[in-house]
Amino acid sequence: MNNRGEPRHIFMVFAICLVVFSPLLILFAPLVVGETVYFDRSNWVIYLPGINFILVGLSLLSLLLGLLILWLKHIKPITIAIALLLTVASGVLFYGASLSFTSLTDDTITHRLPFDKEKQTYSWADVKSVQYFDNEDNFDLKPYYVIYFQDNKQLKLVQGGILDVKTKIRIDQKLRSLKTPVEVIQQK
């Protein structure tokens, strides 16, 4: 007598494991990718925008849906095709999450958005002006920089987490040394 379950139950086990470990994966996967793929000794900081964590979450959700379809709808050709499609979508979303970053060094500001083909690198001399939104009176709002470049593009850096006070001091010193205009705006 064979007491082994149906083959589709293995997908249930994988789905349960994914649900259990997904909070850790959502939190640490973008950080590990950012600190390994974009690591350089000259970096002050590698800033990962919140969209990376959202894309990893969507990637895991897509993978989870693929596993659930295989488990709940039995293993049929149409469910296999849908599960494969969801798995490919999961890979694409994770790839997009691994692309987005901002790094600051003594010489450059490098930035890439999710799914962009090329990263944009600016020297600090390319910075036209900076607005710093401070939160002296309102601690619910995080302070942030909006950096305007000569080509009229802008970059927003939210302070907190990796972009700490030490990095803020380095940014401020760099901007002062280049005599870049900085406008401080109080958030309300």
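Computed from a prediction, not measured in an experiment: that's the story for all the values here.

Novice: Would you mind going over the side chain of threonine 102 in detail, with residue names and values included?
Specialist: Inspection of the secondary structure assignment puts threonine 102 in strand β2 (residues 101-105). Among the polar contacts listed, one links the side chain of threonine 102 to the side chain of histidine 111, at a separation of 2.8 Å. Setting aside its immediate chain neighbours within four residues, threonine 102 contacts Val45, Ile46, Tyr47, Ile109, Thr110, His111, Leu155 and Leu157.

Novice: Tell me what's going on with the environment of histidine 9, and back it up with residues and numbers.
Specialist: For histidine 9, the location among the structural elements is in helix α1 (residues 9-37). For the pair formed by histidine 9 and leucine 72, sequence separation is 63 residues and the distance between their alpha carbons is 9.0 Å.

Novice: Lay out the nonpolar core with the relevant residues and their values.
Specialist: Counting 18 residues, the largest nonpolar core has Leu104, Ile109, Trp124, Val127, Ile147, Leu157 and Ile171 as its most contacted members. Looking at this core, the elements that each hand over two or more residues are β1 (43-47), β5 (127-134), β6 (144-149), β7 (154-158) and α4 (165-177).

Novice: How would you sum up the packing of helix α2 (residues 50-72) against helix α3 (residues 77-99)? Please name residues and give values.
Specialist: For any two helices packed against each other, one specifies the inter-axial angle together with the distance between the axes. Direction vectors running N to C along α2 and α3 enclose 165 degrees, while the axes themselves pass 8 Å from each other. In terms of orientation, α2 and α3 fall into the roughly antiparallel class. Here α2 and α3 pass one another in a crossing that is left-handed. Mapping the contact onto sequence places Asn52, Leu55, Val56, Leu58, Ser59, Ser62, Leu63, Leu65, Gly66, Ile69 and Leu70 in α2 and Thr79, Ile80, Ile82, Ala83, Leu86, Thr87, Ala89, Ser90, Leu93, Phe94, Gly96 and Ala97 in α3.

Novice: Now, about α3: what can you tell me, with residues and values included?
Specialist: Between the first and last C-alpha of α3 there are 33 Å, a value that for 23 residues agrees with the 33 Å anticipated at 1.5 Å per step. Considering only its buried residues, α3 is in contact with α1, α2, β2 and β3 (108-112).

Novice: Help me get a handle on the sheet that holds β3, residues and values and all.
Specialist: Spatial ordering of the open sheet is given by β1-β2-β3-β4, a layout of four strands whose pairing is antiparallel. At either end of the open sheet lies a strand with only one pairing partner, and these are β1 and β4 (120-123). The mean inter-strand angle of the sheet, taken between neighbouring strand axes irrespective of direction, is 10 degrees. Judged from the four bridges that link them, β3 and β4 form a sheet pairing that is antiparallel. Each bridged residue has a counterpart across the sheet, and for threonine 110 the counterpart in β4 is threonine 121.

Novice: I'd love a proper account of the sheet that holds strand β8 (residues 182-186), names of residues and values included.
Specialist: Here four strands make up an open sheet; going across it, the order is β7-β6-β5-β8 and the pairing mixed. Either end of the sheet is taken by a strand with one partner, and the two such strands are β7 and β8. Between one strand axis and the next, the sheet turns through 15 degrees on average, direction left out of account. The pairing of β6 with β7 spans five bridges and is antiparallel. Residue pairing across strands places tyrosine 145 opposite leucine 157, the latter belonging to β7.

Novice: Give me the environment of phenylalanine 101: which residues, what numbers.
Specialist: Tracing the backbone shows phenylalanine 101 in strand β2. Residues phenylalanine 101 and leucine 48, 53 residues apart in the sequence, show an inter-C-alpha distance of 4.9 Å. Contacts of phenylalanine 101, omitting those with residues within four sequence positions, involve Tyr38, Tyr47, Leu48, Pro49, Thr110, His111, Arg112 and Lys119.

Criteria and cut-off values
Residues numbered from 1 in each chain as written. Predicted model: local features only at pLDDT ≥ 70, side-chain atom pairs only at ≥ 80, totals over all residues. Heavy atoms only, no water. Helix = DSSP H or I, 4+ residues; strand = E, 2+ residues; numbered from the N terminus. Polar contact = N/O pair within 3.5 Å; in protein donor to acceptor, adjacent residues only side chain to side chain. Contact = heavy atoms within 4.5 Å. Core = buried A, V, L, I, M, F, W, Y, C linked by side-chain atoms within 4.5 Å. Buried < 20%, exposed > 50% of the residue type's maximum accessible area, 1.4 Å probe, protein only. Axes fitted to C-alpha atoms, helices over the stretch in contact; angles between N-to-C directions. Parallel < 35°, antiparallel > 145°, perpendicular 65-115°, else oblique. Left-handed = near helix turned anticlockwise from the far one by under 90°. Expected span 1.5 Å × (residues − 1). Pairing = 2+ DSSP bridges.

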